[in-house]
Amino acid sequence: MFIDGRELPDNHIVEADICIIGAGAVGISMALEFNNTNTSVALIESGGLEFDAKTQSLYQGGHIGDPTYPLETNRLRYFGGTTNHWAGHCRPFDEFDFSVRDWVPYSGWPVTAEEMQPYFARSQPVMQLGEYDYDSVENYARELGLKPLPLQGERLINVLKHQSPPTRFGKQYKDEIEKSNNITVYLHSNTLELKSNESADHVTQAVVACIDGPEYRVKARYFVLAAGGLENPRLMLLSNSTAPEGLGNDNNLVGRFYTDHLLIRPAMDVSLSHFKYDFRLYTRIHNINGGKIFAIMTASAGLTKKEKMTRFRFHLYPHAPRYDAAVGGVFSKLDNSPHVTPLSMERGTSIQVHMAMEPIPNPDALVRLSDDLDIFGQRKLEVKWLVSEQELANAHRAIQIGALEFGQMGLGRASAPILEKPDQWPAEFTSGKHHCGTTRMASNPKQGVIDKNAKVFGIDNLFVTGSSIFPTIGHTNPTLNLIAFSLKLSDHLKQKLA
Ligand SMILES: Cc1cc2nc3c(=O)[nH]c(=O)nc-3n(C[C@H](O)[C@H](O)[C@H](O)COP(=O)(O)OP(=O)(O)OC[C@H]3O[C@@H](n4cnc5c(N)ncnc54)[C@H](O)[C@@H]3O)c2cc1C
């Protein structure tokens, strides 16, 4: 059911077994895991059912240095969260992503790909995706009557992504939640702080306030932060009544290791001189096995090890006059917007290659509280997004590798003007809008904020979910992965409540 927090009396107390803060992709999918059980869930959501500028302004924040991106428009603050405008590209992390790579500092997860497999598969229907299969590029291509590009396999390999409709979590799951007897969503309800006992090892309540409305409290046995990759650490830092540096921040790690994919759009233009290849497997979305897929390219494990690089992916787009380089055009096409016509590969067109590069974890890249205050008098965030020389070198090398591969296939001539102006690179990057790493998962409290069960080190009933928990982020998009971790957390909490 839904309750408008503004209609509650001042100082009201809500009681529940689990309090989940934030009703975006992970908050909603986690709450639904408890639907029709004896567990009462209070899902606390800052926004209402629709966009509202005043609530959205709570996402304002600043940057320390370059590069920058608009914090306020990178995420959405109402029921359904940022999935109200996400693009829906999905792919799970693979074994390599979870491993310790001795050339990538701070790499390695306390969980394995094998442990996560069942949760990746369970996440698939949550995002309205088809059969869980990310490996069978050749089989899918054959069924579609298409051919993958003949990559040598020593450098680049073809892999699949699945395309969500994209699921707008707020719209898709509203009715199910409305009918639920044990899940209550509190709308227009902003969590300001978590209060703990005196030793700061047990959360006792969440302090919640409505814009121009009452302030109330939520008491629960377990608290889960699901407010997104930037607000999760902000809430922990703001919760400083008993722990002056913020809850769970004894080792000064909350907010550190901020990472985001580096997007280069375009990384390359390949002017087609031969038309012997068909690009439709890459440039179009295909219906198959109850879902939609397309192919991308990534580096082989062998090349990544040999070159000691982080991971990257190439996404091919047809570069024709109809596509004016505005990414928005691509997003609206994925949304099946009627004003975008399908593109054809005609003579004179070129392929545009977009690249996403995995960043290297860095404790000096961080989010922290600034001295600017929001409308509740709470300190806003400021983000220090650092792009290191090594990351620039990795991106440079990845583009060279792509150009080499495309050249050897005889596709045409690859031009990458960005390689000629390396000193201007930071300005050429855009953020992947994937805010990761700020409450990273680790095997001990000296290396991270949460343990392998997503519990905050040193606090017995506080859990975190979402992209802030990822210690490294591979080349892939985060959402399928963060849903998988929230389903795993749900199973863990079910066991604790049993
Ligand atoms: C333009 C764009 C395109 C994207 N495309 C893709 C893609 O193709 N594939 C992919 O995997 N990912 C994509 N993403 C990222 C994706 O949207 C996020 O990974 C996903 O939404 C994160 O889910 P979440 O639940 O952790 O956070 P969110 O969806 O951001 O939800 C957080 C929720 O918490 C609420 N909240 C915040 N603070 C508080 C508070 N103090 N009190 C109460 N509630 C609070 C917010 O209102 C919001 O509803 C894209 C993002 C953008 C911006």
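Quantities reported herein were computed from a predicted structural model and do not represent experimental measurements. (Residues numbered from 1 in each chain as written. Predicted model: local features only at pLDDT ≥ 70, side-chain atom pairs only at ≥ 80, totals over all residues.)

A short note on the domain arrangement of the chain
In many reports, interface size means the accessible area that the parts give up when they come together. Rule in force here: An automatic or database domain assignment supplies the start and end points of every domain. Whether two residues are in contact is decided by their C-beta atoms, placed from the backbone, lying within 7 Å. Numbering of helices and strands runs from the N terminus, with a helix taken as a DSSP run of H or I at least four residues long and a strand as a DSSP run of E at least two residues long. For this classification, the nonpolar set comprises Ala, Val, Leu, Ile, Met, Phe, Trp, Tyr, Cys and Pro, the charged set comprises Asp, Glu, Lys and Arg, and every other residue, Gly included, is treated as polar.
Split into domains, the chain comes out as domain 1 (1-124 + 168-259 + 363-385 + 435-498) and domain 2 (130-163 + 262-357 + 388-428). Centre-to-centre separation of domain 1 and domain 2, based on C-alpha positions: 32 Å. Tallying the contact residues gives 16 residues for domain 1 and 16 residues for domain 2. Looking at which element gives the most residues to the side of domain 1 that touches domain 2, the answer is helix 4 (residues 113-126), with 3 residues. Per-class residue counts for the side of domain 1 that touches domain 2 are 9 nonpolar, 5 polar and 2 charged.

Things to note about the site of the ligand
Stated precisely, the cut-off is as follows: The C-beta atom of each residue is placed using the backbone, and any residue whose C-beta lies within 6 Å of a molecule or strand is treated as near it.
Residues in contact with the ligand amount to 39 residues; listed here are only the nearest, Gly22, Gly24, Gly81, Asn477 and Thr479. Those elements that place two or more of their residues in the shell around the ligand are helix 1 (25-33), strand 5 (89-90), strand 8 (190-196), helix 7 (231-238) and helix 13 (479-497). Considering every element that reaches the shell around the ligand, the biggest residue donor is helix 1, with 3 residues. Its residues placed into classes, the shell around the ligand shows 14 nonpolar, 20 polar and 5 charged.

Thoughts on unusual backbone geometry
Cis geometry is adopted by the peptide bond preceding Pro166, which originates at Pro165 and carries an omega value of 5°. Along the chain, Pro166 falls in the loop between strand 6 (156-163) and helix 6 (169-179). Along the chain, Arg265 connects to Pro266 via a cis peptide bond; the corresponding omega equals 0°. When you line up the elements, Pro266 lands in strand 11 (residues 262-272). A positive phi angle is found at Tyr106, which is not glycine, with a value near 65°. Mapped onto the fold, Tyr106 is located in the loop between helix 3 (95-98) and helix 4.

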